[in-house]
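Residue-level structure breakdown
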Amino acid sequence: MIKQFRSVAVTVTPFIKENKPDLEEIALQTAKFGESGIDAIFPCASTGEYVKMSAEDKCDILKTVAVNNKGKKALVAGACAASASEAKIYIETAKKYNYDACVVCPPYYFPQSQSDIFEFYKEISDFAEGMPIIAYHVPFFTSGIELDTFRRLLELPEITGIKDSSANMKRIAHCCDTAAAARPDFGVYTGTDDCLLPALCAGCRGSMTALAATMPTEISAVYKAFDAGDLRRAMEIQRSLLGVIREADSLTFPIGYKLLAKANGLKTEEIKGEREQAVYNNILRLVKEVRA
């Protein structure tokens, strides 16, 4: 049976220097996530700045998270890469450490045709052999997955879900509707916190977002209210988070989300620059207001 997720925490990577991950801090943060209300931990994602790290370092992160999770939460591995051959390295590592799924985006840097994208996922699906693969629609950073291609992906058994970070609710609604009709076990996940509630209403299975890692209590509360049918309360919580999200988005991604992690007690790099300090102070204030 395919494992389904609700609130998936996309983690920020703490670095020591020269883009070397701080594995000791990652171990501590993983243990902390294990006591939170989230359902799964997702390292080596876009917010985790995976593109800055070597393949060896990313595999070390996947290992560190798995060892220190101790089975408390489901695990989703970031397996995005510029080529299928590199993505396979992370899928193999995820298998070795018993991850529940891997998220794989289309190859980036060079533009991909929709035919190229389908063939890429076909190759990944054939290679996965039992490891569930979640496709990743993130048009800001790589070629997007068009709806016609999405329909074709539903035919690949190892592709068990899609993370959609477009914040395009029209698209998300059509993906949810198409998946529900063709493969009810297929999961559509939103990758943006600001449209969490609308995405759930449209039929999304869950979310894979940064706020699930930095503000897990508040994100979990949206789910709790939604599941109870209290849409008014769910909207109140959702709207209370929008100011925090706007402030985090005011800086070049993912700097604002690193500051948000810091504001919530997670170790990140030191704050540099007056603008960054001002945003950090605003985030601190807004987080306190949310929790007041």
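Refer to the preceding data block for the structure.
Here we summarise the structure given alongside this text. Please read these numbers as outputs of a predicted model, since none were measured by experiment.

**A short note on the overall build of the protein chain**
Counting secondary structure elements, the protein chain contains twelve helices and eight strands. Its C-alpha atoms give the protein chain a radius of gyration of 18 Å, within 12% of the compact-globule value 19 Å for 292 residues. If one aligns the C-alpha atoms of the protein chain with their principal axes, the spans along those axes are about 45 × 45 × 35 Å. Sorting the 292 residues of the protein chain into buried and exposed places 57% on the buried side. In the protein chain, of all internal contacts separated by at least 6 residues, the share reaching a separation of at least 24 is 74%.

**Some details on the sheet that holds strand E6 (residues 159-164)**
Strand order in the closed barrel formed by eight strands is E1-E2-E3-E4-E5-E6-E7-E8, and the pairing between neighbours is parallel. Recorded for the sheet is a direction-independent mean angle of 25° between the axes of neighbouring strands. Where strand E5 (residues 133-137) meets E6, five bridges bridge the pair, whose relative direction is parallel. If you follow histidine 137 over to E6, its bridge partner there is aspartate 164. Sitting on the sheet, helix H2 (residues 55-69) touches strand E2 (40-42) and strand E3 (74-78), and the angle it makes with E3 is about 175°. Packing of helix H4 (residues 114-128) onto the sheet brings it into contact with strand E4 (101-104), E5 and E6, and relative to E5 it is tilted by some 160°.

**Some thoughts on the nonpolar core**
Ranked by internal contacts, the top residues of the largest apolar core, which has 97 residues, are Phe5, Tyr99, Tyr121, Ile133 and Met208. Beyond its immediate sequence surroundings of up to four residues, tyrosine 121 is in contact with Val104, Cys105, Pro106, Ala135, Tyr136, Ile145, Leu153, Leu156 and Ile159.

**Quick look at the packing of aromatic side chains**
What the rule picks out here adds up to seven aromatic pairs. On the numbers, 6.3 Å between centres and 45° between planes, the contact of phenylalanine 5 with tyrosine 189 is tilted. Residue phenylalanine 5 is found in the segment before strand E1 (7-10), and its partner tyrosine 189 is found in strand E7 (residues 187-190); the two are separated by 184 residues along the sequence. Overall, the relative accessible area of 2% leaves tyrosine 189 in the buried class. Ring centres of phenylalanine 150 and phenylalanine 186 lie 5.6 Å apart, and the angle between their planes is 75°; this geometry places the pair in the edge-to-face category. Residue phenylalanine 150 is found in helix H5 (residues 147-153), and its partner phenylalanine 186 is found in the loop between helix H6 (169-182) and E7; the two are separated by 36 residues along the sequence. One aromatic cluster in this structure is built from Phe141, Phe253 and Tyr257. For lysine 95, the ring lying beneath its charged end belongs to phenylalanine 127, and the centroid distance is 5.5 Å.

Calculation rules
- Residues numbered from 1 in each chain as written.
- Predicted model: local features only at pLDDT ≥ 70, side-chain atom pairs only at ≥ 80, totals over all residues.
- Heavy atoms only, no water.
- Helix = DSSP H or I, 4+ residues; strand = E, 2+ residues; numbered from the N terminus.
- Rg over C-alpha atoms; globule rule 2.2 N^0.38 Å.
- Buried < 20%, exposed > 50% of the residue type's maximum accessible area, 1.4 Å probe, protein only.
- Contact = heavy atoms within 4.5 Å.
- Pairing = 2+ DSSP bridges.
- Axes fitted to C-alpha atoms, helices over the stretch in contact; angles between N-to-C directions.
- Core = buried A, V, L, I, M, F, W, Y, C linked by side-chain atoms within 4.5 Å.
- Phe/Tyr/Trp six-rings, centres within 6.5 Å; stacked < 30°, edge-to-face > 60°.
- Lys NZ or Arg CZ within 6 Å of the ring centre and 35° of its normal.

All we've got here are geometric facts, nothing functional implied.
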